[in-house]
Amino acid sequence: MTPFAGGCSCGAIRYECTARPLFSWNCHCRDCQRASGAAYCPVMYVPKTALTITGPAARYASLHAESGRLVSRGLCGDCGSNLFILADLVPDLQGLWAGSLDDPDIFSPQINVWTRSAPVWSTPDPTLQSLDTAPDEAQFRALLRQASGH
């Protein structure tokens, strides 16, 4: 699966990653619903050091999520494509929206989070573990172990 690449719809911003994602999830929080215009945001997180971004800088919008933590979403200033997520929870990692991948089939979510916010017209994937809110520290460490194969 590595390296892999992606970018925005107009091609102005491109990225390449040389590491496997450390964790991947479908986030059903209201902030992600509003940002994506959909029932959830499929996102995977990679080490910032493994990511090369070319083109103009993404435009970031920041907010305090329901968790109380700061989350910043990066999009292309030209076409508006959602590309990146920076989260205080994981300061050394960069989130990548699955829809921005050149091959979105490489995205493989491990878990559904914030399912208490999932709309009634959308059912979270029942084959995945689901959490009502964000994972606590122990659950988060377990996600990282699962993704690394340990």
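Look up: the structure comes first, before these words.
Each chain carries its own residue numbering, running from 1 in the written order of its sequence. Two thresholds apply to this predicted model, a pLDDT of at least 70 for residue-level local features and 80 or more for giving and counting side-chain atom pairs, whereas whole-chain, interface and lining totals are computed over all residues. Excluding hydrogens and water, the side-chain figures rest on all heavy atoms present in the structure.

(A) Region of the structure containing the state of the cysteines. Disulfides are defined as pairs of cysteine sulfur atoms found within 2.5 Å of each other. Per the counting criterion, the structure on display carries zero disulfides. Between Cys-8, a cysteine without a disulfide, and Cys-10, which holds the nearest cysteine sulfur, the sulfur-to-sulfur distance is 3.7 Å. Cysteine Cys-29 is unpaired, with the sulfur of Cys-27 as its nearest cysteine sulfur at 3.6 Å. Burial classification: accessible surface area is computed with a 1.4 Å probe over protein chains only, and a residue below 20% of its type maximum counts as buried, one above 50% as exposed, and the rest as partly exposed. Classification of Cys-29 as buried rests on a relative accessible area of 6%.

(B) The arrangement of the pairing of strand E8 (residues 82-87) in detail. By the bridge criterion, five bridges tie strand E7 (residues 70-75) to E8 in an arrangement that is antiparallel. Bridge pairing links Arg-73 to Ile-85 in E8. Each pair of strands is called paired provided DSSP finds at least two bridges between the two strands. Every helix listed is a DSSP run of H or I at least four residues long, and every strand listed is a run of E at least two residues long, numbered separately from the N terminus. Between the end of E7 and the start of E8, which pair antiparallel, lie six residues, with Gly-80 showing a positive phi angle near 85°. If you look at the hairpin formed by E8 and strand E9 (residues 93-97), you'll find five residues sitting between the two strands.

(C) Region of the structure containing the sheet that holds strand E4 (residues 41-47). Pairing in this open sheet of eight strands is mixed, and the strands run E6-E7-E8-E9-E4-E3-E10-E11 from one edge to the other. One side of each edge strand has no neighbouring strand; the edge strands of this open sheet are strand E6 (59-64) and strand E11 (129-130). Where strand E10 (residues 111-113) meets E11, two bridges bridge the pair, whose relative direction is parallel. Within E11, the position partnered with Asn-112 by the bridge is Ser-130.

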